[in-house]
Amino acid sequence: MTFQFGARGIGIAPAGVDWPDTGHHHMLINVAPDEIEFSGDIAFSDTSLHFGGGQTEATLELPTGTHTFILVMGDQFHVPHDPPIVSEMITVTIE
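The sections below set out a description of the structure shown in this document. (Residues numbered from 1 in each chain as written. Predicted model: local features only at pLDDT ≥ 70, side-chain atom pairs only at ≥ 80, totals over all residues. Heavy atoms only, no water.)

**Concerning the layout of surface pockets**
Using a probe with the size of a water molecule, rolled over the atoms, empty space left in the structure can be pinpointed.
Inference 1: There is about 150 Å³ of room inside the largest pocket.
Inference 2: Taken together, L28, V31, E35, I36, E37, D41, I42, A43, T47 and S48 make up the full set of residues lining the largest pocket.
Inference 3: Partitioning the lining of the largest pocket into residue classes produces five nonpolar, two polar and three charged. (1 Å grid on protein atoms, 1.4 Å probe; cavity = no way out; pocket = protein on both sides within 12 Å on 5 of 7 lines; lining within 4 Å. Points joined across faces, edges and corners; volume = space filled by probe spheres on them. Nonpolar A, V, L, I, M, F, W, Y, C, P; charged D, E, K, R; others polar.)

**Let's talk about unusual backbone geometry**
Inference 1: D82 connects to P83 through a cis peptide bond whose omega is 5 degrees.
Inference 2: For N30, which is not glycine, the phi torsion reads 55 degrees and is therefore positive.
Inference 3: Position of N30 relative to the elements: it lies in the loop between β3 (22–29) and β4 (48–50).
Inference 4: By relative accessible area, which is 42% here, N30 ends up partly exposed. (Helix = DSSP H or I, 4+ residues; strand = E, 2+ residues; numbered from the N terminus. Buried < 20%, exposed > 50% of the residue type's maximum accessible area, 1.4 Å probe, protein only.)

**Examining the side chain of H24**
Inference 1: By the secondary structure assignment, H24 is in strand β3.
Inference 2: Judged by relative accessible area, H24 falls into the buried class, the value being 0%.
Inference 3: A polar atom in the side chain of H24 sits 3.2 Å from the side chain of H26.
Inference 4: A polar atom in the side chain of H24 sits 2.9 Å from the side chain of H78.
Inference 5: When sequence neighbours within four positions are dropped, the list of residues in contact with H24 reads A13, A15, F51, G52, V72, M73, G74, D75 and H78. (Polar contact = N/O pair within 3.5 Å; in protein donor to acceptor, adjacent residues only side chain to side chain. Contact = heavy atoms within 4.5 Å.)

**Examining the packing of aromatic side chains**
Inference 1: Summed over the entire model, instances satisfying the criterion amount to two aromatic pairs.
Inference 2: Geometrically, the ring pair formed by F3 and F69 is tilted, given 4.7 Å between the ring centres and 50 degrees between the ring planes. Linking F3 in strand β1 (residues 2–4) with F69 in strand β6 (residues 65–74), this pair joins segments that are 66 residues apart in sequence. The residues F3 and F69 share a single accessibility class, namely buried.
Inference 3: Centroid distance F5 to F51: 5.1 Å. Interplanar angle 55 degrees. Geometry classified as tilted. Of this pair, F5 sits in the loop between β1 and β2 (11–12) while F51 sits in the loop between β4 and β5 (57–59), and the two are 46 residues apart along the sequence. (Phe/Tyr/Trp six-rings, centres within 6.5 Å; stacked < 30°, edge-to-face > 60°.)

Below, the structure is given as structure tokens:
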């Protein structure tokens, strides 16, 4: 499945780049909104994909079942912005 994503009101920049009003995406897979930690860097894991190159598209191989996805913008250090910039959750069912 291919995802395309972007942002409004903020630019997209690679991790490690300190440009004003920019960030990069982190895709949280099957993570409930109340489980998101906004006070520190977003950990790398199987359920947290980092697009630190400034990517705005990803193709994922997903197992059969229902999956949820949330995007969180992070700064040059992978820390969510304050206030957080978070997408709506989407749900996808793979058959």
